[in-house]
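Architecture at a glance
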Amino acid sequence: MNAVLRAHPEFGLCGLNCLLCPMRLGGHCPGCGGEGHASCALRRCAQDRGGLEFCFECGDFPCARLENAPEYDIFISHLRQIDNLRRAKEIGMDAYLDEVRQRADILTFLLEKCNDGRKKTLFAQAANLLDLDALMKIAAQIRDSALPDLPDRAKLAASLLQDAAGAQGISLRLRRKPKNP
């Protein structure tokens with residue numbers, strides 16, 4: 001399927017926050033609808049329904065395709081797709097994307113200042129799944145700690161994020177498909 005020009009490729013039509021995806025951060029994916037992006041059933045559905053930019057624009061939202069989101073994650077969690085779409089519809093795309101950009105700023109901080117080379121997925125999951133206020137408080141705590149050593153900042157960041165996730169009943173692990181023996 002050819003590229004589809006979208007006004008907001010940083011937010012997937014299915015509700016994934018593409019701006020917070022490790023594949024996009026690494027320059028390996030142009031975002032939803034971009035040149036070289038793999039086609040998906042939801043994108044084809046949106047095209048068949050007149051070129052919808054987001055699933056929430058459909059009269060059938062949320063449909064079985066969204067409600068039966070993949071059981072396993074690839075690069076980013078599918079757990080909040082419908083919630084993300086509802087939030088974007090409720091507060092409007094500009095306000096929603098402002099929230100996602102705040103999350104992206106925190107993720108960038110975590111990756112640049114706290115990543116010991118083994119925390120990219122943890123940080124991306126946290127940026128996607130944790131409450132924005134909790135993320136902002138955690139980033140402030142890390143900044144205020146003024147820990148000079150990267151391993152210490154990485155350990156602190158991971159600990160704070162995992163504690164916040166536990167308090168919110170969230171797992172920051174990608175749900176991976178078991179390998180065939």
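See the structure shown above.
Here is what the cut-offs are and how they apply
Residues numbered from 1 in each chain as written. Predicted model: local features only at pLDDT ≥ 70, side-chain atom pairs only at ≥ 80, totals over all residues. Heavy atoms only, no water. Salt bridge = Lys/Arg side-chain N within 4 Å of Asp/Glu carboxyl O. Phe/Tyr/Trp six-rings, centres within 6.5 Å; stacked < 30°, edge-to-face > 60°. Buried < 20%, exposed > 50% of the residue type's maximum accessible area, 1.4 Å probe, protein only. Lys NZ or Arg CZ within 6 Å of the ring centre and 35° of its normal. Helix = DSSP H or I, 4+ residues; strand = E, 2+ residues; numbered from the N terminus. Polar contact = N/O pair within 3.5 Å; in protein donor to acceptor, adjacent residues only side chain to side chain. Contact = heavy atoms within 4.5 Å.

Attention now moves to the pattern of salt bridges. Scanning the model with the defined rule gives six salt bridges in all. Across the salt bridge formed by arginine 118 and aspartate 116, the nearest N and O atoms sit 3.5 Å from each other. Salt bridges linked by common partners bring Arg87, Glu90 and Glu99 together as one network.

With that out of the way, let us pick up the packing of aromatic side chains. The tally for this structure, following the rule as stated, stands at three aromatic pairs. Where phenylalanine 54 meets phenylalanine 56, the ring centres are 5.4 Å apart and the plane angle is 5 degrees; that geometry is what we call stacked. Phenylalanine 54 sits in the buried class, given a relative accessible area of 2%. Overall, phenylalanine 56 belongs to the buried group, its relative accessible area being 12%. Each member of the aromatic cluster is reached from another via a ring pair, and the members are Phe11, Phe54, Phe56 and Tyr96. One Lys or Arg, arginine 143, reaches over the ring of phenylalanine 109 and ends 4.1 Å from the middle of that ring.

This part covers the side chain of glutamate 10. Residue placement: glutamate 10 occurs in the segment before helix H1 (22–25). On the basis of relative accessible area, glutamate 10 is assigned to the buried category, the value being 12%. A polar atom in the side chain of glutamate 10 sits 2.9 Å from the side chain of arginine 101. Every residue in contact with glutamate 10, bar those within four places of it in the chain, is listed here: Leu16, Asn17, Cys18, Leu19, Arg24, Leu97 and Arg101.

So, to be careful, I would describe these as geometric facts and stop short of saying anything about function.
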